[in-house]
Amino acid sequence: MSNEKKVTSLETEVEVESNTSWLNVFKWSMYDLANTIYSMVIVSLIINRYVLIVGQLENGLSYDKANAIFSGVVAAMQIIIAFSMPVMGAVSDSAGKRKPFVVGLTFAILLFASLLGFWHNLTLVLIFYVIANVSYQWSLAYYDAMLAFIAAPKDVGKVGAFGVAFGYFGTLLSLPVMIICEGIWGTPISQLPKVAEIASYKPPVQLQYGYYGVPWPFLIAMGMFLVFAIPFLFVKERQKKGEKPPTMQLIKQAFRQLKTTFKEIKTHREMFIFIIGYFLFVDAANVIVAYMFPIVRDGLLMSETFGMVFIVLSTISAVIFTYFVGMFADKKGAKNAFFLVGGLWIAAVIIGFVGIMLWSPVEIGANFPFIMIILMGVLAGPALGGTWVCQRAMIATLAPKEKFGEYFGFSKFSGKLSSAVGPLIWGATFLIFYRTWNYKTYALALLFIGLMLIIGLAIIALVKPERAARNY
Amino acid sequence: MNKKIKILIISWFIVLISALPALALERELFNNTEAMPQDSYYGLRAVIEKDNTYHLKVNSTQNIDLLILDEENFLNYNSTFHGNPTAYTAEHLYTNTSLIEFNITQTEDVVRYIVIENANITSNGAISTGEVNVTIVLSLVLTSKVPGYTLIITLSGLLLVSGLLTLRKKRKTL
């Protein structure tokens, strides 16, 4: 039986773990594996191109309009997520247990993500996706908050990393299953190829749903999520004791806190500059990751299977190299680490841009363009992992110790809110340029996102960490 | 051997090997041999990008006709082919031949249909008498701008790094 430790604060009496049960950690981490299947299959692989196909085939929309609609919906969804997260955080902090919230929200994810495959109706697909994805983001808020109640304070970092590692397994497990689905139900075509066969005795190459067209891949992916999430039902979580304030009061308190933090951050010049720079920087990073699969498939005109392999490659690269970004941040400082990560992103964006403009369709084999595309995947992994590492390191450098949690939470809020801007730029680029630029619009969109990244980095360059340190 | 020099040699080797295909004068976009039944058409729908030169080569075992059509005229041709005569005009027309080779260039991005006809639709064209084996190859003619930019940038980068490393090494030895 694990020991308990009571920490008394002014408002509530919180009971946290003082002894880590690794079996309990395993059950908790299995949820990380399970929910990564959702984010990988639905968010990264399917939803964008599924919406493009539904929009074009069922609603007669053009590729650019369908893309703009999807980007608009994603932007609106990100705003909802950004503003609801502090509420979720507050509810989670005061809730007796977080597990029931995770379980309830998981049920919503499973239900609505499964429904995605049943109707090829643009409105329904977008509604189901928004519900599933908002539930997913909310569930993460509760899931992450469980960490302190299943691990001893000294093990929190280790246990968190354990969860992340399990998440990577989720990626590696789900992609082969989707490759099999593609083999059985066919390859989706969301954009007509540059050169396609026509014949009076053959059906023409046309837009097609492929494996997105049947409910099975959605059901299989969500079935995998369900199966791997079962151990989570048996996680033992310490319960918070003390009186729970009314929910409305909690929500008001959360927004008041957000407002106060914003006002306070403005007085910390270095932190304020960083938050603005980070807003642009992380937005660019989020957009590249969100559209990585369509960039490879519809921009570089490579195969569906290679698109999946590319994501696996970036994931493995992130696992291997993010650690070194952390080491670099420890040795050379957070600001220099941002330059390193920014350099990785810029290199990946340049390769993507040149690849789409000059090399598409990139052929798989021992040729220069293909090697460069592989390099792009290898660079993007640690660039993404490194972005979070640098954010944490920079906040730790700039924020007063007692404000670390508050400022870190605010930078997360800023990151979520910024995720709404990128898709809008992306969608607008397609709306304006797709007719003349065709698939090369992906290169143009990457260029704009790259510029945003450079501006973000230039603003971060103005931050003087030594001045912040002097102030505290 | 110095570790940096080893890395440099390996990088040079990878770049040179991988750049070899880029040095080719043409990049094949499509290559297929098709057995066309009697009274049929076969071909390609291709996005022709502005200022690029495309090389088309068609070989057949019997005489055929070849038409290059834009989207609207292709739809009309297709209608005519399926028994609903609708007027169409081909941008290029080659009749009664078994070997065709030419370049396509456009001043703006367009969609073109390359239609090989083994049927009796085109007037004064080849007479379809049976199955025809046809080989169609469409390539992008690589003008210096395609491999040049990337190759020059990469090679200059490598030369610069090599130069800097050599200078540093010399300075250290001095």
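Thresholds, definitions, all that
Residues numbered from 1 in each chain as written. Chains lettered and ligands numbered in written order. Predicted model: local features only at pLDDT ≥ 70, side-chain atom pairs only at ≥ 80, totals over all residues. Heavy atoms only, no water. Helix = DSSP H or I, 4+ residues; strand = E, 2+ residues; numbered from the N terminus. Buried < 20%, exposed > 50% of the residue type's maximum accessible area, 1.4 Å probe, protein only. Contact = heavy atoms within 4.5 Å. Areas by Shrake-Rupley, 256 points an atom, 1.4 Å probe, with all protein chains shown as cover. Salt bridge = Lys/Arg side-chain N within 4 Å of Asp/Glu carboxyl O. Expected span 1.5 Å × (residues − 1). Bend = angle between axes of the 7 residues up to and from the residue. Buried area = accessible area lost by both parts, 1.4 Å probe. Polar contact = N/O pair within 3.5 Å; in protein donor to acceptor, adjacent residues only side chain to side chain. Axes fitted to C-alpha atoms, helices over the stretch in contact; angles between N-to-C directions. Parallel < 35°, antiparallel > 145°, perpendicular 65-115°, else oblique. Left-handed = near helix turned anticlockwise from the far one by under 90°. Phe/Tyr/Trp six-rings, centres within 6.5 Å; stacked < 30°, edge-to-face > 60°. Core = buried A, V, L, I, M, F, W, Y, C linked by side-chain atoms within 4.5 Å. Domains from an automatic or database assignment.

## Structural notes on the overall build of chain A
And step 1. From N to C terminus, chain A includes 17 helices and 3 strands.
And step 2. Here chain A holds 472 residues, and the buried ones make up 54% of them.
And step 3. In chain A, the proportion of contacts linking residues at least 24 apart, taken out of those at least 6 apart, comes to 82%.
And step 4. Carbon and sulfur atoms make up 69% of the accessible area of chain A, which totals about 19,500 Å².

## With respect to the pattern of salt bridges
Two side chains with opposite charge may pair up if their charged atoms get near one another.
Residue and element names in this part refer to chain A.
And step 1. Applying the stated rule across the entire model yields 9 salt bridges over all chains.
And step 2. Across the pair R269 and E270 runs a salt bridge whose closest N-O atoms are separated by 3.0 Å.
And step 3. The class for R269 is partly exposed, based on a relative accessible area of 44%.
And step 4. Here the salt bridges share partners, and the residues they tie into one network are R49, R297, D298 and E304.

## Focus: helix α1 (residues 22–59) of chain A
Residue and element names in this part refer to chain A.
And step 1. The end-to-end C-alpha separation of α1 is 51 Å, in line with the 56 Å expected for 38 residues at 1.5 Å each.
And step 2. Largest kink in α1: about 55°, centred on I46.
And step 3. Extensive coverage of α1 is indicated by the burial of 30 of its 38 residues.
And step 4. Immediately downstream of α1, the backbone of G60 shows phi near 65°, a positive value.

## As for the interface of chain A and chain B
And step 1. Chain A puts 24 residues into the contact, and the matching count from chain B is 34 residues.
And step 2. Note on chain A versus chain B: buried area summed over both sides is about 2,300 Å², and carbon and sulfur give 60% of it.
And step 3. Summed over the shared surface of chain A and chain B, the number is 2 salt bridges.
And step 4. Put simply, K440 of chain A and E49 of chain B hold a salt bridge, and the shortest N to O gap is 3.6 Å.
And step 5. Our enumeration of links across chain A and chain B arrives at 8 residue pairs in polar contact (both at pLDDT 80 or more).
And step 6. When contributions to the side of chain A that touches chain B are tallied by element, the ones reaching two or more residues are β3 (195–199), α12 (334–359) and α13 (368–398) of chain A.

## Looking at the packing of helix α11 (residues 304–332) of chain A against α13 of chain A
Residues and elements named next belong to chain A.
And step 1. Packing of α11 against α13 brings their axes to within 6 Å, and their N-to-C directions diverge by 45°. Classified by the interaxial angle, the pair formed by α11 and α13 is oblique. The element α11 and its partner α13 pack so that their crossing is right-handed.

## A look at helix α4 (residues 122–145) of chain A
And step 1. Under the 1.5 Å per step criterion, the end-to-end length of α4 of chain A is 35 Å for 24 residues, consistent within 8% with the ideal 34 Å.
And step 2. Measuring from the backbone nitrogen of T123 of chain A back to the side-chain oxygen at the start of α4 of chain A gives 3.0 Å, which picks out N121 of chain A as the cap.

## Some words on the packing of aromatic side chains
Residue and element names in this part refer to chain A.
And step 1. All chains considered together, the criterion is met by 43 aromatic pairs over all chains.
And step 2. Both rings, one in Y63 and one in Y434, keep their centres 4.6 Å apart while their planes meet at 20°; by these two values the pair is stacked. Of this pair, Y63 sits in helix α2 (residues 63–94) while Y434 sits in helix α15 (residues 421–437), and the two are 371 residues apart along the sequence.
And step 3. Judged by relative accessible area, which is 10%, Y434 ranks as buried.
And step 4. Pairing F274 with F338 gives two aromatic rings, centres 5.6 Å apart and planes at 65°, and the pair type is edge-to-face. Of the two residues, F274 sits in helix α9 (residues 269–290) while F338 sits in helix α12, which places them 64 residues apart along the sequence.

## Examining the nonpolar core
All names here are of chain A.
And step 1. Core analysis: the largest hydrophobic core is formed by 142 residues, its most contacted members being Y38 and F274.
And step 2. The dominant element in this core, judged by the number of residues it contributes, is α1, at 19 residues.
And step 3. Looking at which domains feed residues into this core, each of domain 1 (1–237) and domain 2 (252–472) gives three or more.
And step 4. The contact partners of F274, leaving out residues within four places of it in the chain, are F338, Q391, M394, I395, L398, I460 and V463.

## A look at the side chain of S29 of chain A
Residue and element names in this part refer to chain A.
And step 1. Mapped onto the elements, S29 comes out in helix α1.
And step 2. Judged by its relative accessible area of 0%, S29 is buried.
And step 3. When near neighbours in sequence (up to four residues on either side) are disregarded, S29 contacts Y143, F162, G163 and F166.

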